[in-house]
Amino acid sequence: ENGLAGWLRYAPIPGAAHHHGSLPSHVVALNDSTISPVYTAGQELERGIRSIFGKSCNVHYGHFPHGHLPGFSSVVVGTLEAYSDAYGDLTDVPELIEGGFWLSTKGQHVQILGQNERGTLYGAFEYLSMLAQGNTTEVAYAANPDAPIRWTNEWDNMDGSIERGFAGESIFFADGGIVGNLTRAAEYARLLASIRINAVVVNNVNANATLLSPQNLDGLARIADVFRPYGVQVGISLYFSSPASAVPGRASLTTFDPLDDTVKSWWGNVTRDIYQRIPDFAGYLVKANSEGQPGPLTYNRTLAEGAALFSKPLQPYGGIVMFRAFVYDYQTLNESDWTADRANAAVDYFRPLDGEFDNNVVIQIKYGPIDFQVREPASPLFADIPNSNTAIELQITQEYLGQQCHLLYWAPLWKEILDTDLRADNKASYVKDIVSGQRFNKPLGGYAGVSNVGMNDTWLGSHLSMSNLYAFGRLAWNPSQDVVDILQDWTRLTFTLDTSVIDTITQMSMESWPAYENYSGNLGIQTLTDILYTHYGPNPQSQDGNSWGQWTRADGFSIGMDRTVSNGTGFAGQYPDEVAQMYEDIATTPDNLLLWFHHVNYTHVLKSGVSVIQDFYDQHYAGAQTAQTFVTAWNSLKGKIDDERWTDQLFRQVYQAGHSIVWRDAITNFYHNLSGIPDEAGRVGNYPSRIEAESMTLDGYKLYEVSPFEAASNYTAIVTSSNT
Ligand code: BDP
C-alpha cells in the first residue's frame, strides 16, 4: 500500500462472498466509444465489483438489444437520454443539471444515469463508494452539483518543478515540455472524476509563455486526451506579457497592451490554435499585476480590459477566464503608513469594475483577503461584486500550514469560510451561495483548489493530506456536507472499515487545524511563519519590516493590525454594514480574529478573561501538547492498517510533535522578549528537564547559530561537522 490508489483502492470488504447473490452479474454501459466517460464507468464498475467482492461481471458496451433490458441482474450505466432512447422514458427521475446523475439500486437493475456522460461516471463512482464502504442498502436518488466550476489548479513549472508542491516532480511537465508518459496524469484524472472535479489548470499561475508554442500545445492536447475519458477538461494559466516574450513558433511583439490590435489578434491566434487541438478546452487562468507580474495596469488599462483580452476570443468556443483577484503591489506598500493594508487591495481594485467583466469571466478570490493563512475572515470581495461571477480559491497543498509535514485537515477551515454570512443588503449571503451563483443569480461560479500533486506515490507528499483533496471535491459539489462525514468516508475508502481506526483518524484530523493555529499564530495574528519565501517554520520577526504587507505591527507594548474605519486601515468597512459594524468594534469581534482587526496592548483582556499575552503563551503550549498526542494516537493504529503507510505517517507525526515544540518555544520566547511580560505559569524560557544538544559531547557535530534566533533554544543548533 503505497498510497497511489488514493481512496480508489476497492479493498475487499469483510464477508464479501455473502453479497454475491445480490450483486449484479452484468454491467451494461450505454456507449462503446473508449474515450467516453460512460465506457470508463463500465470499466470502473467491473473493476470495482471484482476487487471489492471477488465477483466478476460481464460488461456489455453499447446499447443492449433495443427495447429490452437484460433478463439478468445488471448495472445499467449511461446518460439518461441514451437510456430513454433504448428502453423508454423513466418517470421517477427528478430534474438533473449539468454533471448530475440518478442512482437507483432498487429492483433487478441498478440504474446509474447521468445528465451527461461525465455525470454518468460520477454516478458510477458514487455507487462504488457505497459498495467499498460495505453499504449495499437500497437507495434511489438524484444528485446535482451546487456549482458548475470545480477545478483544481496545479502550480507546475515547465521544468518539472512545482511551486509550493511537496510531492516531487510534475506529472505533466519536464525540461520545458510535456512529459512523454502521461500515465500518472490519467490516474490523477481518475481520482478527480471520482470527486467530481471537472477541469484542471495544469501549469503555474506564475506562468511561462513558452507553453504557448505549437509544439507545447500539441503536448497539452495529449494531456487533454488522457483526461477526456474521465470527463476532466484541461485549462492553462497565462503569462500576461506573452505576446512580447520569446515563444518558439510565434511572433514576438513589442507590446502586450490589452487594447492594442496586434496583441488582441496574437491572443486570438493562440486561442484558435488551442481549440483546433482541444475542442473541449476549459479556459484560462490569469494572474496579472500581482507580486511583480505584468498585467493591464502596466499600460494603465483596467483589470476588466485585461480580462476582456481573453474572454472575447474564448467566447465563441464556450471557454472561461478565471481572473484572479490576488492583485496587489507589494513594492508600494509602506509599513510606516498606518492606513496601508494589503488586505484592502482586492476590493479597491475590483469593486469599481463590477459589471464590466464579460459573462464568461469569473473572478477567482482567495478565501481570505491576505494569503491562505491559518485564520482569516472571509474575503469581503465575495459580497462586493454582485454583478460578477465569482469562485473561491482554496489551497489543498499546505503551503503556510505545515507543508505536508504537519497534519492539517483543511475542510473545517473551508467550511467556516463557506458558511460565513456576509449580509449583503442585510440579507442572508453565505459565501457558498455567492460562489455557486445562487445569491446574486449568476450563471457561473464555483471552486478552484490549488492542489500541486506530484510524482510521489502519495500524490501530495503525505498519506493523510489526501483527505484534503478528497474533501475539496466533496465540498465543491455540495458545500453543505458535514466535514466529519466526508473525512470518515475518505478514511474507510483509504484505510479500513475498522471503527477504531476511523475514530482515531477523525479525532486527529479534527484537532489538527486548532492545534496548528494554536502553535503557529492564534487570535487572528496569522501564521507567524517565515513570510519572505519559505513559508515554513516559525519566524515572527519576518512578519514586520518588509513590504509584503502581512504585518503584525508588534512592538514592546502592543500588537495587531488596526483595520477599523475609525482608526485603522479601513478594511473592516469593506464588508456589508452588519459585518463591518461587528468587526469595527472590539466588543463584537470574535477573539479568534481580534488581532486581525485591532491593535491592542499585550495586557488587553480577552472575552475569555485572559490577557492577550497570556493567551499567546497558553495556546502555544496547548497546541504543541495536542501535537504530542497525535503520536500516541497513531501508534495505536499499528497492525490495524498496513505497515507501509503506518510507518510513513508515524515518521511525520513524530516530526510534527518535535516541530510543534520548536514553534511553541520560538513564538512564546519572541513575544516574551518583546513584551517583557512573564508567563503566569512560569513555562516560557524555563525548560528544567531539557538537555541542550550543545551541552553534550559532540562527536562529528559542530555548533551552528540559528536564524531566526528564537527558533532554537540558546540560539544554537548542532550540525554535522561536514556541513558547510
Ligand atoms: C503565495 C505563494 C506564491 C504564489 C502566490 C499566488 O507563496 O507561491 O505564487 O501565493 O497565489 O501564497 O499567486
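Residues numbered from 1 in each chain as written. Predicted model: local features only at pLDDT ≥ 70, side-chain atom pairs only at ≥ 80, totals over all residues.

(A) Here's a closer look at the overall build of the protein. Helix and strand content of the protein: 18 helices and 20 strands. In terms of overall dimensions, the protein is globule-like: its C-alpha atoms have a radius of gyration of 27 Å, near the 27 Å expected for 724 residues. Counting only C-alpha atoms, the protein reaches 85 × 65 × 60 Å along its principal axes. Nonlocal contacts in the protein, meaning residues at least 24 apart in sequence, comprise 69% of its contacts between residues at least 6 apart. (Helix = DSSP H or I, 4+ residues; strand = E, 2+ residues; numbered from the N terminus. Rg over C-alpha atoms; globule rule 2.2 N^0.38 Å. Contact = placed C-beta atoms within 7 Å.)

(B) How the structure looks around the pairing of strand E16 (residues 445-450). When you tally the buried positions in E16, you get six out of six residues, the bulk of the element. Note that strand E7 (residues 149-153) and E16 share five bridges and pair parallel. Across the sheet, residue asparagine 153 finds its bridge partner in E16, namely valine 450. Examined bridge by bridge, strand E15 (residues 389-395) and E16 share six bridges and lie parallel to one another. Within E16, the residue paired with leucine 394 across the bridge is glycine 449. (Buried ≥ 20, exposed ≤ 12 C-beta atoms within 10 Å, placed from the backbone. Pairing = 2+ DSSP bridges.)

(C) Fine view of the site of the ligand. Taken together, Glu163, Arg164, Val205, Asn206, Lys287, Ser290, Phe326, Asp371, Phe372, Glu399 and His535 make up the full set of residues adjacent to the ligand. Taken together, the residues that form the shell around the ligand break down as three nonpolar, three polar and five charged. (Near = placed C-beta within 6 Å. Nonpolar A, V, L, I, M, F, W, Y, C, P; charged D, E, K, R; others polar.)

(D) Representation of the sheet that holds strand E6 (residues 140-143). Taken together, six strands build an open sheet; the order of strands is E2-E1-E3-E5-E4-E6 and the sheet is mixed. In this open sheet, the two strands that pair with only one neighbour each are strand E2 (58-61) and E6. Between one strand axis and the next, the sheet turns by 15 degrees as a mean value, whatever way the strands run. The strands touched by helix H3 (residues 117-132) are strand E3 (74-79), strand E4 (101-104), strand E5 (109-114) and E6; relative to E5, the strand with the most contacts, the crossing angle is about 140 degrees. (Axes fitted to C-alpha atoms, helices over the stretch in contact; angles between N-to-C directions.)

(E) The environment of valine 28, seen in detail. Of note, valine 28 is situated in strand E1 (residues 26-29). The spacing of valine 28 and valine 76 is 48 residues in sequence and 4.8 Å in space, taken between C-alpha atoms.

(F) View of helix H18 (residues 643-675). If you check H18, its first and last C-alpha atoms are 47 Å apart, about what 33 residues at 1.5 Å a residue would give, namely 48 Å. Within two residues after H18, glycine 676 carries a phi angle of roughly 70 degrees, on the positive side. (Expected span 1.5 Å × (residues − 1).)

(G) Seen up close, the sheet that holds E16. A barrel is described by the order of its strands in space; here eight strands give the closed sequence E7-E10-E11-E12-E13-E14-E15-E16, paired in parallel fashion. Taken pair by pair, the neighbouring strands of this sheet meet at an average axis angle of 25 degrees, ignoring direction. With four bridges connecting them, strand E11 (residues 233-238) and strand E12 (residues 283-286) associate as parallel partners. Considered in E12, the bridge of serine 237 is made with leucine 285.

(H) Seen up close, the domain arrangement of the protein. What the domain assignment reports for the protein is domain 1 (16-143), domain 2 (149-482) and domain 3 (689-724). Computed from C-alpha coordinates alone, the two centres of domain 1 and domain 2 are separated by 34 Å. Facing eleven residues of domain 1, the contacting portion of domain 2 comprises eight residues. The dominant element in the side of domain 1 that touches domain 2, judged by the number of residues it contributes, is H3, at five residues. Each residue belonging to the side of domain 1 that touches domain 2 can be placed in one class, and the counts come to six nonpolar, three polar and two charged. (Domains from an automatic or database assignment.)

(I) Structural context of the packing of helix H1 (residues 37-53) against H3. Running from N to C, H1 and H3 point in directions that differ by 10 degrees, and their axes come no closer than 8 Å. By the angle class used here, H1 and H3 are roughly parallel. Side by side, H1 and H3 meet where Pro37, Val38, Thr40, Ala41, Glu44, Leu45, Gly48 and Ile52 of the first sit next to Glu117, Arg118, Thr120, Leu121, Ala124, Phe125, Leu128, Leu131 and Ala132 of the second. (Parallel < 35°, antiparallel > 145°, perpendicular 65-115°, else oblique.)

(J) Quick peek at the environment of serine 451. Mapped onto the elements of the fold, serine 451 is located in the loop between E16 and helix H12 (466-477). Of the residues examined, serine 451 has 28 C-beta atoms within 10 Å and is grouped as buried. Sequence-distant contacts of serine 451, that is, excluding residues within four places in its chain, are made with Thr152, Asn153, Glu154, Ile396, Thr397 and Leu469.

(K) Looking closely at the packing of helix H6 (residues 261-277) against helix H7 (residues 303-314). Relative orientation of the contacting elements H6 and H7 amounts to 45 degrees, with a least axis distance of 9 Å. Judged by the inter-axis angle, H6 sits oblique to H7. Note that H6 runs across H7; the crossing there is right-handed. Residue-level contacts link Lys264, Trp267, Gly268 and Thr271 of H6 to Leu309, Phe310, Pro313 and Leu314 of H7. Grouping the constituent residues of the contact of H6 with H7 by class yields five nonpolar, two polar and one charged. (Left-handed = near helix turned anticlockwise from the far one by under 90°.)

(L) Focus on helix H14 (residues 499-520). Look at H14: 31 Å from first C-alpha to last across 22 residues, which is about the 32 Å you get at 1.5 Å a residue. At serine 512, H14 shows its largest kink, close to 40 degrees, and the proline proline 514 lies no more than four residues downstream. For H14, the set of buried residues is Thr504, Ile505, Met508, Ser509, Ser512, Trp513, Ala515, Tyr516, Glu517, Asn518, Tyr519 and Ser520. Summarising the contacts, the buried residues of H14 are in contact with helix H10 (411-418), H12, helix H13 (483-494), helix H17 (612-635) and H18. In the stretch just after H14, glycine 521 is the one whose phi turns positive, near 150 degrees. (Bend = angle between axes of the 7 residues up to and from the residue.)

(M) Focus on the nonpolar core. With 217 residues, the main nonpolar core has Val77 and Val234 as its most contacted residues. Looking at which element gives the most residues to this core, the answer is H17, with nine residues. Lining this core are residues from two domains, each supplying at least three of them: domain 1 (16-143) and domain 2 (149-482). (Core = buried A, V, L, I, M, F, W, Y, C linked by C-beta atoms within 7 Å.)

(N) Summary view of unusual backbone geometry. Following serine 707, the chain continues to proline 708 via a peptide bond in cis, the omega torsion being 0 degrees. Mapped onto the secondary structure, proline 708 falls in the loop between strand E19 (701-705) and strand E20 (716-720). The phi torsion at asparagine 714 lies on the positive side, around 55 degrees, for a residue other than glycine. The exposure class of asparagine 714 is partly exposed, given the 13 C-beta atoms found within 10 Å.

(O) View of the confidence of the model for the protein. For the protein, mean pLDDT is 96; residues scoring 70 or higher make up 99% of the total. Reported confidence for the predicted complex is 0.98 by ipTM and 0.97 by pTM. (pLDDT = per-residue confidence, 0-100.)

(P) Broad picture of the environment of lysine 638. Position of lysine 638 relative to the elements: it lies in the loop between H17 and H18. A count of 11 C-beta atoms within 10 Å places lysine 638 in the exposed class. For the pair formed by lysine 638 and glutamine 550, sequence separation is 88 residues and the distance between their alpha carbons is 42 Å.

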